[in-house]
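Below are the chains, spelled out letter by letter.
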Amino acid sequence: FGLLVRAQDTSRQAKKIWLFLAFFGFATLSMGWSADLGMAVRMMFKLVAPVAFMLFIAINIGRIGIPTLLRAVVLSGVVYAVATILSWGLGLTLNHEFGLPATSRAVTSGHLLAPVSVLFAELATKPGVVRLILALFLTGTLLAGFTRITIAGLFGSVSIAFFLRLKGFARVALPVLGVLGFIALFTLVGQFRERMFLNRADQFSFTTVLEDPSRAVEAIGGSGRYLAWNIAFNRLFKPNPLLGSGVGSAQLMFVDQGGAQISAVHSEVLRLLCDVGIVGFALYVLAWVQLFWLTRRRLRESQNGPLRTVATAAM
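Residues numbered from 1 in each chain as written. Predicted model: local features only at pLDDT ≥ 70, side-chain atom pairs only at ≥ 80, totals over all residues. Heavy atoms only, no water.

## Let's talk about the packing of aromatic side chains
Counted only if it meets this: Two rings from Phe, Tyr or Trp (for Trp, the six-membered ring) form a pair when their centres are within 6.5 Å of each other. A pair whose planes differ by under 30 degrees is stacked, one over 60 is edge-to-face, and the rest are tilted. Secondary structure counts use DSSP, requiring at least four H or I residues in a row for a helix and at least two E residues in a row for a strand, with both numbered from the N terminus. For a Lys NZ or an Arg CZ to count as sitting over a ring, it must be within 6 Å of the ring centre and within 35 degrees of the ring normal.
Following the criterion strictly, the structure yields 10 aromatic pairs and no others. Aromatic pair F155 and F182: ring centres 5.8 Å apart, planes at 75°, arrangement edge-to-face. Linking F155 in helix α8 (residues 148–165) with F182 in helix α9 (residues 169–188), this pair joins segments that are 27 residues apart in sequence. A connected cluster of aromatic rings, assembled from ring pairs, spans F20, F23, F24, Y284 and W288. Of note, R171 hangs over the ring of F163, and the distance from its end group to the ring centre comes to 4.4 Å.

Following this line, the structure appears as structure tokens:
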């Protein structure tokens, strides 16, 4: 409704990301050869929602202003983190995991990436004690979620924010330190090492990972994901690699297993390949490249100020 009442503004902003519209058009067509219309509709909402929300912000940012948007994102992160800590402390979470009630720790910690990205983008452009305290608080809460992919996102966000800001040797050194820091966390801290390598944790250390990265990658515990990926790839992608099996097909396959330990494919890359094939996946990747290019242009045009901060956080 928010997009429709300002249809002209929505249309003007949507034209800038026309490759996303092309992808959505193809994904909608793929519903015609999907095995389940209900699951296809569900997955279409999943795909469209983030872009629709982005457009909603784009058509309203002139009224609320970028500084207000950034403060709102950070405030939402702080409220979210406090609610998570209280829920965990009161024992309201699933299996006493560090997350919100009825929500996995992966989802909980994942939502903190946006406010963390904003805070580190602000620290890179305009340092301050309050921002530093908030950034450390949200970083600690995110780490407590104990989820590998989210922690990787955290290290990536911090490295990119300062890479875009710094010059010379420091610009390269910080991302390298970020990668080394991620490896150190999952090799030097026992609990994180066991999470990464499961029953082979005692075979790896910081030194052994750097000496033989390929062996470490092969030993990463997938918790059943690798088998799931193999099944999905063979059943859904191989029969129709160009067009896929129709949007929603990958999720449907695991829901139909009934009682299976894995309820999702756990890979958006593989999900898209299975659902919309090479054609749809190529459109999706190109759409993100287009958005990346637009953001990069905004970053180059901006000086120190809110526009540079929001562009940095977006990157």
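## Some details on the environment of T93
Put simply, the test is: Note on definitions: a residue-residue contact is assigned when non-hydrogen atoms from the two residues lie within 4.5 Å. Any pair of N or O atoms that falls within 3.5 Å is considered a polar contact. Within protein, one atom must be able to donate a hydrogen and the other to accept it, and sequence-neighbouring residues count only if both atoms are side-chain atoms.
Note on placement: T93 falls in the loop between α4 (66–89) and α5 (105–110). T93 sits 161 residues away from F254 along the chain, and the two C-alpha atoms are 25 Å apart. Apart from the residues lying within four places of it in its own chain, the contact partners of T93 are S87, W88, G99, L100 and P101. A polar side-chain atom of T93 sits 2.6 Å from the main-chain carbonyl oxygen of E97.

## What to know about a nonpolar patch on the surface
Note the cut-off: Note on patches: the residues involved have over 30% relative accessible area and no salt bridge, like charges join within 9 Å, and the nonpolar side chains Val, Leu, Ile, Met, Phe, Trp and Tyr join within 5 Å. Methods summary: accessible areas were calculated by the Shrake-Rupley approach with a probe of 1.4 Å, and residue burial reflects only the protein chains presented. A pair is scored as a salt bridge if a Lys or Arg side-chain nitrogen falls within 4 Å of a carboxyl oxygen belonging to Asp or Glu.
There is a patch of nonpolar side chains on the surface, built from L29, W33, L242, L243, I278 and V279 and spanning about 520 Å² of accessible area. Mapped onto the fold, W33 is located in the loop between α2 (18–30) and α3 (37–64).

## A short note on the packing of α4 against helix α6 (residues 113–125)
Heads up, the rule is: Under this scheme, a helix contributes an axis fitted over its contacting stretch, all axes are lines through C-alpha atoms, and angles between N-to-C directions fall in the 0 to 180 degree range. Orientation labels follow simple angle bins: below 35 degrees gives roughly parallel, above 145 gives roughly antiparallel, 65 to 115 gives roughly perpendicular, and whatever is left gives oblique. Note: crossing handedness is left-handed where the near helix turns anticlockwise from the far helix by less than a right angle, and right-handed where it turns clockwise.
For the pair α4 and α6, the least separation of the axes is 8 Å and the interaxial angle reads 125°. The orientation of α4 relative to α6 falls into the category oblique. Crossing hand, α4 versus α6: left-handed. In this structure, α4 uses L70, V73, V74 and G77 to contact α6, whose residues at the interface are A114, P115, V118, L119 and E122.

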